[in-house]
Amino acid sequence: MDNQSTTSSIPGYSLTLKWIKNIFSRTIRVSRNVPRHVGFIMDGNRRYARRNHLQVKEGHEAGFFTMSKILELCYESGVECATVYAFSIENFKRSPHEVDALMKLAKDRIRQIVASGEMAEKYGIKVRIIGDLSLLDKELRDDMNNAMEITKNNKRAVLNICFPYTGREEIVHSMQNVVELAQANSDDPKFIIDEQLINANLYTGDQPPLDLLIRTSGMVRLSDFMVWQVSNKGVAIELIDCLWPDFGPLRMAWILLKFVFQKSFSNRNKKMEDEDLDIDFNEEDQDEISIKAKKSA
Amino acid sequence: MDKIQGNTLSRRTGNEPMTHHIPPPAVAVLKGSQLNNNKTKSVKALGASMFMNSNKAKELPHGGEFWGKPMSKLETLLYRTLLVILYISYGLFRYGQYQYNKMKLRILNVIYNPASTPQLIRQDVRKLEKIPKRIAAILEMKPVGFVGGGLKGLLNDGSEIVCWTVSAGIKHLMLYDYDGILQKNVSEFQTEIENKLTQYYGPGNVPNYAIKIPHSNKIYYNNHAEKTDDDENNKKAGKIAIEVSLLSNRDGRETIVDLTKTMADLCSNNELKLSDITLQLVDSELVHLVGKEPDLLLYFGPALDLQGFPPWQIRLTEFYWETDNNEVTYSVFIRGLKQYAGCKINVGK
């Protein structure tokens, strides 16, 4: 919010930007190859604060501001679901002071979502907080449940906020659920444990499969974020060498364009290959038939 | 006779649509094939893609919806035209980027050339501050017609990586290929490694290695370790310089599913309580079934795609790949190690 004042030195600048953004997102949307589910590892808030001589807290706030801008672009372009890595279970190892500040920030922002419903209402976003919520204090947990309750009927898009989350915990959680289900359905011979079932019991189970993962700050690992989903074949991974608060909509637009371009061309190519295969098979079949016809003759 | 003639006719008509398809440039770029990558073809393809796009627009009048408001035909057409313009400009940029990357890779391959000598690799590695304990590599079998394609190419690539890893002094290597082709051809792979190591170290000094297939729980040792009569002595004399585990898609999600099944069975027999299923238990089981997490994962394709690599094993693994590269080369290997040496790991902090 403080950043807005810096950009509006030229009159009509932000309006023009908005206009360009709208046109871009609609253009991307008609390609029909927009990623359905995007994951973000929002890394670099603290380094950003250090570099700009801000407090760590202000760094996180700048990060939140970036997040809302990026998500706006994504949802307008037709992304159905976004998952952001806000807080790892490992983050509890940070200094108590910072953990407290992060918790407070979360509390404020979630109240903001609930109260003004700014983004949630404009885009009809269903907010879901995923992770091991039992690690949080009760007040925050109530706020989160409240936010989920209020937005649960929104259907346009989903925002998953991973609050105390790790990918491995998610897998174990799903395994526990599945084992419990297996016990409950022990008489049912049709009950089979398979990949689908584990997938459906993940926190992200009822959302479309992940298509694109974006990590900022030049780190080249997943840090335990959605390991099950990302390891799947065909998930595009973008590792960007810039701190999260510096990651602007322009870069996001570039990534979206790249994704859409590659997907629409590779899809077309795949279709062609399939067609070719069909033709080959037909030929063989026909050859066989003709040989048989000859023999019988 | 009539029938056969009819056949050839139908075959011709069947083939005809294929000739209309000009592969778009991006595809050629993605596949890394330089063969169909000349300029006239890319221009043609862009034209074709434009044509296809406008065709599509006609087929689907309700092309896009914008937050509930359906776009009018004219609007859709406008945005489609804009999209084609965006595609063309991105395609042009991509073409330039591809050429630049290929040039860079060619230069890097000249700079980093192991020339089958472990000493050179040693020298490269000695400069690094730290080296990973375990590395993993994702391999792909290329189509038979390509350079380095087919099973032979895959075996060759795999054994090259084994040699580099031994020379770098890294003791654990995971080789992953989606279909488990390496697993199925272990004996061929073993001979190939033997040959390559002989080439690197000379016939007398081939380092001892073990090939492990975690899925079937098998370990294969050096050929000459088996040849001698006294196994005990041999094991004492030659310590294993490298352990290669061969992984496939089967070791990924499916192994987790199997583990869940086993746990469900144990629970129904009251041998395991639901509360006993913890992260620690799952971790120890999966380490036992698949292996420990690698520190560095090398990918030799054009854009990182984990292809179903075991999800449990990529928690803090660093990735390295070169954009637009499509070959297993030493430069990727050593640059991956260099990147690893320059990074610090922090868990959550």
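Nothing here was measured: the structure is a model prediction, and the numbers come from that model.

For the rest of this paragraph, the subject is the overall build of chain A. Regarding its fold elements, chain A presents 11 helices and six strands. Classification of the 297 residues of chain A by burial places 52% in the buried group.

Turning to the packing of helix H5 (residues 118-126) of chain B against helix H6 (residues 150-168) of chain B, a few remarks are in order. Residues and elements named next belong to chain B. At a minimum axis distance of 8 Å, the contact between H5 and H6 shows a crossing angle of 60°. One way to sum up the angle between H5 and H6 is to call them oblique. The chirality of how H5 crosses H6 is right-handed. Taken together, the residues of H6 that come into contact with H5 (itself represented by Pro-118, Ile-121, Arg-122 and Val-125) are Trp-164, Val-166, Ser-167 and Ala-168. Taken together, the residues of the contact of H5 with H6 sort by class into six nonpolar, one polar and one charged.

Let us look at helix H5 (residues 96-115) of chain A. The periodicity of an α-helix, 3.6 residues per turn, causes residues three or four places apart in sequence to face the same way. Residues and elements named next belong to chain A. For H5, built from 20 residues, the straight-helix expectation of 28 Å at 1.5 Å per residue is met to within 8% by its first-to-last C-alpha distance of 28 Å. Here H5 has its buried residues at Glu-98, Val-99, Leu-102, Met-103, Leu-105, Ala-106, Lys-107, Arg-109 and Ile-110. Where the residues of H5 are buried, they touch helix H3 (45-51), helix H4 (56-77), strand S3 (125-130) and helix H7 (138-151).

Further remarks concern the sheet that holds strand S2 (residues 81-85) of chain A. Residues and elements named next belong to chain A. In spatial order, the strands read S3-S4-S2-S1-S5-S6; together these six strands make up an open sheet with parallel pairing. Each edge of the open sheet is held by one strand with a lone partner, namely S3 and strand S6 (236-239). Across this sheet, the average inter-strand angle for adjacent strands is 15°, counted without regard to direction. Examined bridge by bridge, strand S1 (residues 37-41) and strand S5 (residues 212-215) share four bridges and lie parallel to one another. Bridging across to S5, Phe-40 finds its partner in Ile-214. Docked against the sheet, H4 engages S1, S2, S3 and strand S4 (157-162), running at close to 150° with respect to S4.

Turning to the nonpolar core, a few remarks are in order. Buried together is how nonpolar side chains tend to be arranged in soluble globular proteins. If you look at the biggest cluster of nonpolar residues, it comprises 57 residues, and the most contacted ones within it are Phe-40, Ile-129, Phe-163, Ile-214, Phe-247 and Met-252 of chain A. With nine residues, the single largest contributor to this core is helix H11 (residues 249-296) of chain A. If we ignore the near neighbours within four places in the chain, the residues touching Ile-129 of chain A are Ile-110, Met-144, Met-148, Ile-161 and Phe-163 of chain A. Formed by 51 residues, the second largest nonpolar core is a distinct cluster that contains Tyr-165 and Leu-210 of chain A together with Ile-277 and Tyr-299 of chain B.

What follows deals with the packing of aromatic side chains. According to the stated counting rule, one finds 19 aromatic pairs over all chains in the structure shown. Between the aromatic rings of Phe-40 of chain A and Trp-244 of chain A, the centroid separation amounts to 5.9 Å while the plane-to-plane angle is 65°, which identifies the pairing as edge-to-face. A residue pair is termed long-range when its members are at least 10 positions apart, and Phe-40 of chain A in strand S1 and Trp-244 of chain A in the loop between S6 and H11 qualify at 204 residues. For Trp-244 of chain A, a relative accessible area of 1% puts it in the buried group. Between Phe-265 of chain A and Tyr-87 of chain B, the aromatic rings sit 5.7 Å apart at their centres with planes inclined by 50°, giving tilted as the arrangement.

Attention shifts here to the sheet that holds strand S3 (residues 134-139) of chain B. Residue and element names in this part refer to chain B. The seven strands lie next to each other as S6-S5-S7-S4-S3-S8-S9, forming an open sheet whose pairing is mixed. Single-partner strands in this sheet number two, and they are strand S6 (218-221) and strand S9 (318-320). On average, each strand axis in the sheet is tilted by 20° relative to the strand beside it, whichever way the strands run. Bridge analysis of strand S8 (residues 296-299) against S9 gives three bridges, and the strand direction is parallel. In the sheet register, Leu-296 faces S9, and the bridge partner there is Glu-318. Set on the sheet, helix H8 (residues 186-201) makes contact with strand S4 (172-177), strand S5 (209-213), S6 and strand S7 (242-247); between it and S5 the angle comes to about 155°.

UniProt marks residues 77-96 of chain B with the feature "transmembrane region" (unreviewed entry), using the numbering shown here. As annotated, residues 77-96 of chain B comprises 100% helix and 0% strand, and the C-alpha atoms at either end are separated by 29 Å.

Here we come to the packing of helix H8 (residues 167-184) of chain A against helix H11 (residues 253-268) of chain B. At a closest axis distance of 9 Å, the pairing of H8 of chain A and H11 of chain B adopts a crossing angle of 45°. Judged on the interaxial angle alone, H11 of chain B and H8 of chain A are oblique. Judged by the sense of rotation from one axis to the other, the crossing of H8 of chain A with H11 of chain B is right-handed. Across the interface between the two elements, Ile-171, Met-175, Val-178, Val-179, Ala-182 and Gln-183 of chain A from H8 of chain A touch Ile-256, Leu-259, Thr-260, Met-263, Ala-264, Cys-267 and Ser-268 of chain B from H11 of chain B. Class assignment for the residues of the contact of H8 of chain A with H11 of chain B results in 10 nonpolar, three polar and no charged.

Reading guide: rules and limits
Residues numbered from 1 in each chain as written. Chains lettered and ligands numbered in written order. Predicted model: local features only at pLDDT ≥ 70, side-chain atom pairs only at ≥ 80, totals over all residues. Heavy atoms only, no water. Helix = DSSP H or I, 4+ residues; strand = E, 2+ residues; numbered from the N terminus. Buried < 20%, exposed > 50% of the residue type's maximum accessible area, 1.4 Å probe, protein only. Axes fitted to C-alpha atoms, helices over the stretch in contact; angles between N-to-C directions. Parallel < 35°, antiparallel > 145°, perpendicular 65-115°, else oblique. Left-handed = near helix turned anticlockwise from the far one by under 90°. Contact = heavy atoms within 4.5 Å. Nonpolar A, V, L, I, M, F, W, Y, C, P; charged D, E, K, R; others polar. Expected span 1.5 Å × (residues − 1). Pairing = 2+ DSSP bridges. Core = buried A, V, L, I, M, F, W, Y, C linked by side-chain atoms within 4.5 Å. Phe/Tyr/Trp six-rings, centres within 6.5 Å; stacked < 30°, edge-to-face > 60°. UniProt positions renumbered as here; feature names shortened; annotations may be inferred.

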